[in-house]
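The residues making up each chain are set out below.
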Amino acid sequence: MGAGEDMDLKSLKHPSLAPSYARMQALSALPLWEIIGDLVAEEPSPMGVPHLWRYHEMRALILDAGQRISAAEAERRVLALKNPGLERPGISQTLFAGLQLVMPGEVAPAHRHTQGAIRFVLESTGGYTAVEGERCLMRRGDLITTPSWTWHDHENTGDGPLIWLDGLDVPLVNFFGVRFAEEHPAEQQPIARPDDASVSLWGTGMRPIGARHPKPWSPVMSYPYASVRAALMSASEGAMPDPRHGHALAYCNPQDGGHVLPTIAAFLHHLPEGFETAPWRTTEASVFTVVEGEGTARIGDAELSFGESDVFVAPNWTRITLQASKPTILFRFSDRAAQERLGIWREDPGTPGS
Ligand SMILES: [Fe+2]
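Keep in mind that what you see is a predicted model, and the values were worked out from it rather than measured. (Residues numbered from 1 in each chain as written. Predicted model: local features only at pLDDT ≥ 70, side-chain atom pairs only at ≥ 80, totals over all residues. Heavy atoms only, no water.)

Peer 1: Describe the overall build of the chain, with residues and values.
Peer 2: Each helix and strand in the chain was counted, giving eight helices and 20 strands. In summary, the chain has a C-alpha radius of gyration of 22 Å against a globular reference of 20 Å for 354 residues, a match within 12%. Considering the chain as a whole, with its 354 residues, one finds that 51% of them fall into the buried category. A separation of at least 24 residues holds for 73% of the contacts in the chain among residues at least 6 apart in sequence. (Helix = DSSP H or I, 4+ residues; strand = E, 2+ residues; numbered from the N terminus. Rg over C-alpha atoms; globule rule 2.2 N^0.38 Å. Buried < 20%, exposed > 50% of the residue type's maximum accessible area, 1.4 Å probe, protein only. Contact = heavy atoms within 4.5 Å.)

As structure tokens, this is what we get:
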């Protein structure tokens, strides 16, 4: 029995009290001694199941939708990646993920909402996401953030489809009952700064004297792949890979070293050809996409072979082993940022190397 459901009066620990329980339920009260195992446990149960979405299959579906429905009609033309083990349309209990398409010449109109988002570009011939008066250019592998309540719109300025992986904290924000959204009066918000200005200003190790970014997220709105890949290769050079993560870097807030968003953390992993990680398990739910290479992920009992741009999810508290059959770079995002802020994130102490 779960919290909030009626008690099964046939499987009670103290059946002699059943008449009293019926009276309690009638008065909207429950005997905690009967249900405590559902609320407090020695360790978590994974929520949802491991699953992989093949990019070529998803791409065909979203491109078909692109022929039939405009981005403006759809508001956002997104194919949500629904975890088959969950009721609600999330990729995990805490995270939403989807593949978003903007066709050449199209604009996805400006709006803002309390849910924060990251965008990881999978396919582009030119385009941008405008965030709070700044265009963040979108090239394959770039990471762009649209934090809570920031205006954002998207435009495809190229001649091919613009497709990216969306990651949002929708289930978390909605759980708290803080679901607000607003349409911008114009289709596209006014541009007030040069393209990629947040990278130029905050992404070089410099900051304006006396300036503090007052928000609980990174002032950098864009992490171009060319520079993060160079950083990852530089970290890999002559170093032993971490047994759990391979060579790995976290996208960070340059102001305090924290995660990109208060709810969502993002990482880039380099697995050399033939490398296999030790099994690792944490309380965070992780979503991966394959930037380069191919290999196999063992997540719990599932074995998932992955190739370029495929997306796969590892639920919370589920052992993950990654094996690369070619030199591989994986992008990963998770709810670790939210868990760390709440002081509840944990790694399995039995994980080798921890
Ligand atoms: Fe949005």
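Continuing now.
Peer 1: Please set out the side chain of Ser-218 residue by residue, giving values where relevant.
Peer 2: Along the chain, Ser-218 turns up in the loop between α6 (197-202) and β12 (222-223). Taking relative accessible area as the criterion, Ser-218 reaches 0% and is therefore assigned buried. Looking at Ser-218, its side chain comes within polar contact range of the side chain of Tyr-223, at 2.8 Å. Discounting chain neighbours no more than four positions away, the residues touching Ser-218 are His-213, Tyr-223, Cys-252, Asn-253, Pro-254, His-259 and Val-260. (Polar contact = N/O pair within 3.5 Å; in protein donor to acceptor, adjacent residues only side chain to side chain.)

Peer 1: So what's going on with the coordination of the iron ion? Residues and values would help.
Peer 2: Coordination of the iron ion by the protein involves His-111 (NE2), His-113 (NE2) and His-152 (NE2), with metal-donor separations of 2.1 to 2.2 Å. Judged by relative accessible area, His-111 falls into the buried class, the value being 9%. Judged by relative accessible area, which is 11%, His-113 ranks as buried. (Donors = N, O, S within 2.8 Å, 3.2 Å for Na, K, Ca; no water.)

Peer 1: Mind laying out the environment of Gly-105, listing which residues take part and the relevant values?
Peer 2: Mapped onto the elements, Gly-105 comes out in the loop between β3 (96-102) and β4 (107-113). For Gly-105, a relative accessible area of 60% puts it in the exposed group.

Peer 1: Got a sec to walk through the domain arrangement of the chain? Specific residues and values, please.
Peer 2: For the chain, the assigned domains read domain 1 (51-202) and domain 2 (224-342). With centres defined by C-alpha atoms, the gap from domain 1 to domain 2 works out at 21 Å. Of the residues lining the interface, 33 residues belong to domain 1; the matching set on domain 2 comes to 29 residues. Overall, the association of domain 1 and domain 2 removes approximately 2600 Å² of surface from exposure, summing both partners, and the carbon and sulfur fraction of that is 72%. Linking domain 1 to domain 2 there are one salt bridge. There are 10 residue pairs in polar contact (both at pLDDT 80 or more) connecting domain 1 and domain 2. (Domains from an automatic or database assignment. Buried area = accessible area lost by both parts, 1.4 Å probe. Salt bridge = Lys/Arg side-chain N within 4 Å of Asp/Glu carboxyl O.)

Peer 1: Could you give an account of the packing of aromatic side chains, with specific residues and numbers?
Peer 2: Aromatic ring pairs are defined here through the distance separating the ring centres and the angle between the ring planes. Applying the stated criterion across every chain, the model contains eight aromatic pairs. Where Phe-120 meets Phe-331, the ring centres are 4.1 Å apart and the plane angle is 15 degrees; that geometry is what we call stacked. Of this pair, Phe-120 sits in strand β5 (residues 117-123) while Phe-331 sits in strand β20 (residues 328-334), placing them 211 residues apart in sequence. Accessibility classification places Phe-120 together with Phe-331 in one group, the buried group. (Phe/Tyr/Trp six-rings, centres within 6.5 Å; stacked < 30°, edge-to-face > 60°.)

Peer 1: Before we move on, can you summarise the state of the cysteines with the specific residues and values?
Peer 2: A complete count under the given rule lists zero disulfides for this structure. Free of any disulfide, Cys-136 has its nearest cysteine sulfur in Cys-252, 17 Å distant. The class for Cys-136 is buried, based on a relative accessible area of 0%. (Disulfide = S-S within 2.5 Å.)

Peer 1: I'd like a rundown of the environment of Ile-329, residues and numbers included.
Peer 2: Here Ile-329 lies in strand β20. Note: C-alpha distance between Ile-329 and Tyr-128 (201 residues apart in sequence) is 23 Å. Among residues more than four places away in sequence, those in contact with Ile-329 are Tyr-225, Arg-229, Leu-232, Met-233, Leu-268, His-269, His-270, Thr-289, Val-290, Val-291 and Glu-292.

Peer 1: Run through the environment of Gly-350, naming residues and quoting values.
Peer 2: Relative to the helices and strands, Gly-350 resides in the segment after α8 (336-342). As for Gly-350 and Trp-280, which are separated by 70 residues in sequence, their C-alpha atoms are 8.4 Å apart.

Peer 1: I'd like a description of the sheet that holds β3, backed by residues and values.
Peer 2: The strand order across the open sheet formed by six strands is β2-β3-β10-β5-β8-β12, and the pairing between neighbours is antiparallel. The sheet terminates laterally at β2 (78-80) and β12, the two strands that pair on one side only. Direction of pairing for strand β8 (residues 143-146) relative to β12: antiparallel, over a ladder of two bridges. Paired with Leu-143 across the strands is Tyr-223, a residue of β12. Sheet strands in contact with helix α3 (residues 55-68) are β2, β3, β5 and β10 (162-168), and its direction is about 55 degrees off that of β3. (Pairing = 2+ DSSP bridges. Axes fitted to C-alpha atoms, helices over the stretch in contact; angles between N-to-C directions.)

Peer 1: I'd like to hear about a nonpolar patch on the surface, residue by residue, with values.
Peer 2: A cluster of nonpolar side chains, Trp-149, Phe-175, Phe-176, Val-178 and Phe-180, forms an exposed patch at the surface whose accessible area comes to about 570 Å². Mapped onto the elements of the fold, Val-178 is located in the loop between α5 (170-175) and β11 (181-183). (Patch = residues over 30% accessible without salt bridge, like charges linked within 9 Å, V, L, I, M, F, W, Y side chains within 5 Å. Areas by Shrake-Rupley, 256 points an atom, 1.4 Å probe, with all protein chains shown as cover.)

Peer 1: Kindly report on the pattern of salt bridges, identifying the contributing residues and their values.
Peer 2: As enumerated under the stated definition, the model contains 19 salt bridges in all. Here Asp-142 makes a salt bridge to Arg-139, at a shortest N to O gap of 2.6 Å. Judged by relative accessible area, which is 1%, Asp-142 ranks as buried. The class for Arg-139 is partly exposed, based on a relative accessible area of 36%. Through salt bridges with shared partners, one network takes in Glu-43, Arg-281, Arg-319 and Asp-348.

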